[in-house]
Amino acid sequence: MTAAASVRPSLADPWPTAAAVWARARTENFTVASLLAGPRTARRLRAIYLFARLVDELGDAVPGDRAAELDRAEDELDRAFAGAPREPIFVELAAAIQSCRLPRRPFMRLIDANRRDQRQTEYETFDDLLDYCECSANPVGELVLRVFGAADAERVSWSDDVCTALQLLEHWQDVGEDARRGRIYLPREDRARFGVDEHDLLAPFTSPPLRRLLRLETERAAGLLASGRPLVASLRGRARLAVAGYVGGGRAVVAALERSGYDVLAATPRAGRGRRARATASAWRTRT
């Protein structure tokens, strides 16, 4: 961290508080599943989640120079690793970093994904989108496994598939919202194949071609989510229960999209608490 960086003024001061970020996302898959981890581990998972959500807000929602705000987040990350954080969310993060010996690289990948969002708003192919998810989603799964002391290479590989699937499903739920913000995650190649253009994404209803495209993309996500089966089966105790919560939440979203007939524009397909709980229990009972 340079001297100049350390005195950079905030363009979005004050940043959202930890309580505000947590309250806005208390029903999301990550936050719900983390409650299954036990109080101490839940605090560590909460710190990771708050960091990831804050960085998303700095890249997506704050007014002004978002690139500068992401630079400021990197500065605060450096301070957290040095044991001298100033922002409240990074104070929580510093404790998790120290207690779990978390590496810096996954956190930087999340920041870099949001930097990419500042210069890229569409993706040509599905493989291009997977490359984006490699930085925007997969680091969270690695960090979760590290909190549980379970981050071997095979589990991280399974986790990468699960996290990519969860990120894709979130994009498919939010097609209209993303398009109104000027971002399109449905690959251009796939849109052309199904005859879907930008007007379809901004319409008040989901056209038949868009529904067919979303069915394909949801099936792709469900295929990646299948890696959750061996991942959950490889874990024990609260780690197994928490990860089953993430996997079960993803399965419940797949089912919600299917039930809606992939109509994501009239209303966002959501999985209720009961459906998520049943899907989590099913994932927890999985065997290799």
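Read on for an overview of the structure. Treat the numbers as computed from the prediction; the structure is a model and nothing was measured.

### Considerations on the packing of aromatic side chains
Piece 1. By the definition in use, this model includes six aromatic pairs.
Piece 2. A connected cluster of aromatic rings, assembled from ring pairs, spans Phe51, Phe81, Phe90 and Phe107.
Piece 3. Directly above the aromatic system of phenylalanine 126 lies the positively charged group of arginine 220, at a separation of 4.3 Å from the ring centroid.

### So, the pattern of salt bridges
Two side chains of opposite charge can pair, provided their charged atoms sit close to one another.
Piece 1. Applying the stated criterion across every chain, the model contains 26 salt bridges.
Piece 2. Notably, a salt bridge pairs aspartate 112 with arginine 115, separated by 3.1 Å at the nearest N-O pair. With aspartate 112 and arginine 115 both in helix H7 (residues 105–119), this residue pair falls three residues apart, about one helical turn.
Piece 3. Taking the shortest distance from any N to any O, the salt bridge between arginine 183 and aspartate 117 comes out at 3.7 Å. Residue arginine 183 is found in the loop between helix H11 (175–180) and helix H12 (188–194), and its partner aspartate 117 is found in helix H7; the two are separated by 66 residues along the sequence.
Piece 4. Judged by relative accessible area, which is 4%, aspartate 117 ranks as buried.

### Details of the nonpolar core
Piece 1. One finds Phe51, Phe90, Leu102, Trp172 and Leu186 to be the most contacted residues of the largest nonpolar core, which totals 78 residues.
Piece 2. Contacts of phenylalanine 90, omitting those with residues within four sequence positions, involve Trp15, Phe51, Leu54, Ala73, Glu76, Leu77, Ala80 and Pro85.

### Section: the packing of helix H5 (residues 66–81) against helix H6 (residues 88–100)
Piece 1. Close contact between H5 and H6 brings their axes to 9 Å; oriented N to C, the two are set at 45°. Here H6 runs oblique to H5, going by the angle between their axes. Between H5 and H6 the crossing geometry is right-handed. Across from Ala73, Glu76, Leu77, Ala80 and Phe81 in H5, the residues of H6 making contact are Phe90, Leu93, Ala94 and Ile97.
Piece 2. The residue makeup of the contact of H5 with H6, split by class, is eight nonpolar, no polar and one charged.

### Topic: unusual backbone geometry
Piece 1. Phi at arginine 101 is positive, roughly 55°, even though this residue is not glycine.
Piece 2. When you line up the elements, arginine 101 lands in the loop between H6 and H7.

### Things to note about the state of the cysteines
Piece 1. By the definition in use, this model includes zero disulfides.
Piece 2. Unpaired in terms of disulfides, cysteine 133 finds its nearest cysteine sulfur in cysteine 163, a separation of 9.9 Å.
Piece 3. This cysteine, cysteine 135, is not joined by any disulfide, and cysteine 133 carries the nearest cysteine sulfur, 9.9 Å off.

### Let's talk about the environment of leucine 168
Piece 1. Residue position: leucine 168 is located in helix H10 (residues 153–173).
Piece 2. Classification of leucine 168 as buried rests on a relative accessible area of 0%.
Piece 3. Residues leucine 168 and alanine 137, spaced 31 residues apart in sequence, show a C-alpha to C-alpha distance of 9.3 Å.
Piece 4. Sequence-distant contacts of leucine 168, that is, excluding residues within four places in its chain, are made with Phe126, Leu129, Leu130, Cys133, Ala221 and Leu224.

### Re the packing of helix H4 (residues 39–60) against H5
Piece 1. In the contact formed by H4 and H5, the axes pass within 8 Å of each other and the chain directions differ by 155°. Classified by the interaxial angle, the pair formed by H4 and H5 is roughly antiparallel. Here Phe51, Val55, Leu58, Gly59 and Asp60 of H4 lie close against H5, whose contacting residues are Arg66, Glu69, Leu70, Ala73 and Leu77.
Piece 2. Of the residues assigned to the contact of H4 with H5, the class counts are six nonpolar, one polar and three charged.

### Observations regarding empty space enclosed by the protein
Piece 1. Here the structure, examined in full by the defined rule, presents one cavity of 30 Å³ or more.
Piece 2. In this structure, the largest cavity spans a volume of roughly 40 Å³.
Piece 3. Surrounding the largest cavity, His171, Val175, Asp178, Arg183, Ile184, Tyr185, Leu186 and Leu201 form its lining.
Piece 4. Of the residues assigned to the lining of the largest cavity, the class counts are five nonpolar, one polar and two charged.

### A short note on the environment of glutamate 74
Piece 1. Positionally, glutamate 74 belongs in helix H5.
Piece 2. A C-alpha to C-alpha distance of 9.6 Å links glutamate 74 and aspartate 112, two positions 38 residues apart in sequence.
Piece 3. Not counting residues up to four positions away in its chain, the partners in contact with glutamate 74 are Arg104, Met108, Ile111 and Arg115.
Piece 4. A polar side-chain atom of glutamate 74 sits 2.6 Å from a polar atom in the side chain of arginine 115.

Definitions and limits used
Residues numbered from 1 in each chain as written. Predicted model: local features only at pLDDT ≥ 70, side-chain atom pairs only at ≥ 80, totals over all residues. Heavy atoms only, no water. Phe/Tyr/Trp six-rings, centres within 6.5 Å; stacked < 30°, edge-to-face > 60°. Lys NZ or Arg CZ within 6 Å of the ring centre and 35° of its normal. Salt bridge = Lys/Arg side-chain N within 4 Å of Asp/Glu carboxyl O. Helix = DSSP H or I, 4+ residues; strand = E, 2+ residues; numbered from the N terminus. Buried < 20%, exposed > 50% of the residue type's maximum accessible area, 1.4 Å probe, protein only. Core = buried A, V, L, I, M, F, W, Y, C linked by side-chain atoms within 4.5 Å. Contact = heavy atoms within 4.5 Å. Axes fitted to C-alpha atoms, helices over the stretch in contact; angles between N-to-C directions. Parallel < 35°, antiparallel > 145°, perpendicular 65-115°, else oblique. Left-handed = near helix turned anticlockwise from the far one by under 90°. Nonpolar A, V, L, I, M, F, W, Y, C, P; charged D, E, K, R; others polar. Disulfide = S-S within 2.5 Å. 1 Å grid on protein atoms, 1.4 Å probe; cavity = no way out; pocket = protein on both sides within 12 Å on 5 of 7 lines; lining within 4 Å. Points joined across faces, edges and corners; volume = space filled by probe spheres on them. Polar contact = N/O pair within 3.5 Å; in protein donor to acceptor, adjacent residues only side chain to side chain.

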